[in-house]
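Take a look at the letters that make up each chain.
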2 protein chains.
Amino acid sequence: MIGMVIIAHGRLASESKQAIEHVMGELPLLAAIDVINSDASDHLYDEMSTVIKQCDTGSGVLVFVDMFGGTPCNIALGSLGDHACEVISGFSLPSLIKAATLRKSSRNLAEIAAQSIQAGHQYMRQLSEDTKKGLRL
Amino acid sequence: MIGMVIIAHGRLASESKQAIEHVMGELPLLAAIDVINSDASDHLYDEMSTVIKQCDTGSGVLVFVDMFGGTPCNIALGSLGDHACEVISGFSLPSLIKAATLRKSSRNLAEIAAQSIQAGHQYMRQLSEDTKKGLRL
């Protein structure tokens, strides 16, 4: 199975992992790295490299970073090594859930990355007045 | 100034608020509601209504929910009252930062919501091999 690693500012990564597992139940090969203090990130390169290695069982790893160009993104890109990885920046909960769902039935890393992003785009939207009213309790 | 309220599973909302403020510094009229236990959400409707009221200084409020149809989304939609609100589902960190930036200079709620989503789409992407190599340390 394709692995998934989330890395983000603060505890955004571990909270995102928990939110996915709240929806889908506990998941294998899903890891989160929290970048609490951007200035003290040296050891996080080692931690990220280790986690990517652990999550790569031969099918590669999807790496999710919260924001392009931020410290978590730089740590991710500096830790990919020789592993087959697709890196997705600017993740959302729906994009993560889509990836976690698709990797059960597909081993095509690039395809899952593309579909994860597509779902993230599709489900990031402004709710219409009708939708707002319809869902109100 | 337009207010912003984030509501999400676990501590995703408060961690997102912290991440925005890590990037932009402390912000006024920005609130987070954490939905820790979906089953015990009754009091959260009151809390959400109060927070929306506090964040609406006459220009309206942007409400960000992590996932359409989830408990946080339902709580948000049940708490809008008569306030001018735009609700955005499936947020990402870049979408939040864009909204927090734009509300400094604009009071057009629908326009900021649309541009926040546009930025969220634009910055949720698969990094190319060249980008990955170029950013590696």
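Residues numbered from 1 in each chain as written. Chains lettered and ligands numbered in written order. Predicted model: local features only at pLDDT ≥ 70, side-chain atom pairs only at ≥ 80, totals over all residues.

Draft legend 1. Summary view of the packing of helix H4 (residues 93-102) of chain B against helix H5 (residues 109-123) of chain B. Residue and element names in this part refer to chain B. At a minimum axis distance of 8 Å, the contact between H4 and H5 shows a crossing angle of 145 degrees. In this structure, H4 crosses over H5, and the sense of that crossing is right-handed. Of the residues in H5, those touching H4 at Pro94, Ser95, Lys98, Ala99 and Leu102 are Ile112, Gln115, Ser116, Ile117, Ala119, Gly120 and Tyr123. A breakdown of the residues in the contact of H4 with H5 according to their chemical character gives seven nonpolar, four polar and one charged. (Axes fitted to C-alpha atoms, helices over the stretch in contact; angles between N-to-C directions. Helix = DSSP H or I, 4+ residues; strand = E, 2+ residues; numbered from the N terminus. Left-handed = near helix turned anticlockwise from the far one by under 90°. Contact = placed C-beta atoms within 7 Å. Nonpolar A, V, L, I, M, F, W, Y, C, P; charged D, E, K, R; others polar.)

Draft legend 2. Geometry of the interface of chain B and chain A. Taken together, the 40 residues of chain B in the interface contact 40 residues of chain A. For the side of chain B that touches chain A, the secondary structure elements donating two or more residues are helix H1 (12-24), helix H3 (71-77), strand S4 (85-89), H4, H5, strand S5 (125-126) and helix H6 (129-135) of chain B. Tallied by class, the residues present in the side of chain B that touches chain A amount to 19 nonpolar, 14 polar and seven charged. In the sheet, strand S4 (residues 85-89) of chain A pairs with S5 of chain B via two bridges, with the strands oriented antiparallel. When the bridges of S5 of chain B are listed, Ser89 of chain A appears paired with Arg125 of chain B. (Pairing = 2+ DSSP bridges.)

Draft legend 3. Spotlight on the relation of the copies chain B and chain A. When chain B is fitted onto chain A, the two copies agree to an RMSD of 0.0 Å after a turn of 180 degrees and an axial shift of 0.0 Å. The superposition of one copy onto the other is thereby described by a two-fold rotation axis. By residue overlap, the copies meet face to face through one surface: 100% of the interface positions of chain B are interface positions in chain A. (Least-squares fit on C-alpha atoms with pLDDT ≥ 70 in both.)

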